[in-house]
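Chain by chain, the residues run as shown.
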Amino acid sequence: MLKICVIGLGYVGLPICLKISKKYDTVGFDTNNRRISYLKKSIDENKEFKKKDFINKKIFFTNKIYNLKNCNFFIICVPTPIKKSKLPDLNSVKKSFELISSVLKKNDIIVLESTVYPGVTKNFSKKLEIKTNLKNNKDFFVCYSPERINPGDKKNKLTKINKIIGYEGTNSEIKNKLRKIYSNLCKNLIFTNKINEAETAKGIENIQRDLNIAFYNEVLLICNKLNINFNEVIRLAATKWNFIKFSPGLVGGHCLPVDPYYLTYAASKKKYKSKVTLAGRTINNSMKKYVMEIIKKKINKFSQKNKSKIKIIVLGLTYKYGVSDTRNSQKLEIFNYLKKNYKNTIAYDPYLNNIKFKSVNNNLYKNDFFLFLSKGKKFKNLFNKISKNSINKIIDPFFYYIK
Ligand SMILES: NC(=O)c1ccc[n+]([C@@H]2O[C@H](COP(=O)([O-])OP(=O)(O)OC[C@H]3O[C@@H](n4cnc5c(N)ncnc54)[C@H](O)[C@@H]3O)[C@@H](O)[C@H]2O)c1
């Protein structure tokens, strides 16, 4: 009998856990006690799921290792951040493999879903062999299936996207099992028999996006310097058949600001110094400075008030529209900076858990400046309202709304 264990119940692990538990007996394991106690009450603090989504699911949420004893299929979805030095921090993945080593049995399957650099899955499989005296692809089976979940995206849902599965063994029974289990998660499964190809593919998907946004950010900066309408430039360029459209903005989150460093780390171990992969990082990370300059210019032009009296409302704090996630959010950094310098700064983000930022009160129009940092329907509605009589008060650094 299959008993599945999902390790790490965040933005990636919880949706997998909920989906897979419709069909299989599932244990949801997380080291964060608070997360487990909330999940036991069917509360997802990430706000991706409602209480009703937990109904009729065969999940046992736990932070106790002994509850994993009878599991025979492990899915690892733990974080893979970077350290201050920008080097990969694989500590959670390491701990997950150690955890599994204490409960591993013959024929168990392990699927790593966390984003890693090429070679990581194999390295940990080897360590598992040493610890357990069992052989990978003979006694147990380690696979890699990168995750493409896009929180807040109602269109490209987990079930609709293509899912890559890297499995290097030759046992067709295992491949069939993987297909059977994963077809409950995604419609279209794409197999590769080289795990490092799957690991690299995941990395470059995000790096490509990071670089494209960086290019847009640079075009925006250049247009600003040359006093050229950015949106018009894009509208014109996009009439070419192979021009690809992106949006400029404040890149944040756990993937784009992190993943390029994973691939370049792997390359550097082979003495290759990357020339393009990290090129987007500097500009994408520096866009908060550009926003600050725009704010200062606007304030100087349209306000005679003393700094301490100026009221600013920041619209959008989470790293992207539609999610509650503030990891690596430059918007939050901008807000904190403004608050220090203009103490009457407030913020609004309906997706944030913090009640303080959840509503725009009746005094909305009393603000001197409205800083739009997120692109999305709820903010567009606000823009439409405010812009009717206060267009000079609007700061829209990325021209999301002002055309
Ligand atoms: N969030 C996304 O949109 C997304 C998309 C694709 C890929 N990824 C990748 O998926 C992985 C997970 O990302 P996430 O956003 O779900 O992270 P997250 O921080 O939302 O969730 C990770 C969970 O793992 C738990 N955890 C940490 N160490 C653990 C351990 N040793 N054992 C058990 N639980 C542990 C944490 O408490 C947390 O609840 C990362 O590698 C990330 O890069 C994320």
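Residues numbered from 1 in each chain as written. Predicted model: local features only at pLDDT ≥ 70, side-chain atom pairs only at ≥ 80, totals over all residues.

## Focus on the nonpolar core
(1) Moving on: If you look at the biggest cluster of nonpolar residues, it comprises 92 residues, and the most contacted ones within it are Val6, Ile76, Val314 and Leu371.
(2) Moving on: Top element by residues in this core is helix H6 (residues 195-226). It accounts for eight residues.
(3) Moving on: The residues touching Ile76, leaving out its near neighbours within four places in the chain, are Ile7, Gly8, Val93, Ser96, Ile110, Val111, Leu112, Glu113 and Ser114. (Core = buried A, V, L, I, M, F, W, Y, C linked by C-beta atoms within 7 Å. Buried ≥ 20, exposed ≤ 12 C-beta atoms within 10 Å, placed from the backbone. Helix = DSSP H or I, 4+ residues; strand = E, 2+ residues; numbered from the N terminus. Contact = placed C-beta atoms within 7 Å.)

## Notes on the domain arrangement of the protein
(1) Moving on: The assigned domain composition of the protein is domain 1 (3-193) and domain 2 (231-395).
(2) Moving on: When each unit is reduced to the centre of its C-alpha atoms, the spacing between domain 1 and domain 2 is 33 Å.
(3) Moving on: Between domain 1 and domain 2, the residue contacts involve 17 residues of the former and 17 residues of the latter. (Domains from an automatic or database assignment.)

## A word on the pairing of strand S7 (residues 162-166)
(1) Moving on: Of all five residues making up S7, four are buried, and the element is well covered by its neighbours.
(2) Moving on: Inspection of the sheet shows S7 paired to strand S8 (residues 188-192) by five bridges, in the parallel sense. Its bridge partner being in S8, Ile165 is matched across the sheet by Phe191.
(3) Moving on: Remark: the S7/helix H5 (residues 172-182)/S8 crossover connection has right-handed handedness. (Pairing = 2+ DSSP bridges. Right-handed = clockwise from strand over helix to strand, strands pointing away.)

## A short note on the sheet that holds strand S9 (residues 311-315)
(1) Moving on: With respect to topology, four strands assemble into an open sheet ordered S10-S9-S11-S12, the strand pairing being parallel. On the outer flanks of this sheet lie strand S10 (344-348) and strand S12 (394-395), each paired with one strand and no other.
(2) Moving on: By the bridge criterion, four bridges tie S9 to strand S11 (residues 369-372) in an arrangement that is parallel. If you follow Ile312 over to S11, its bridge partner there is Phe369.

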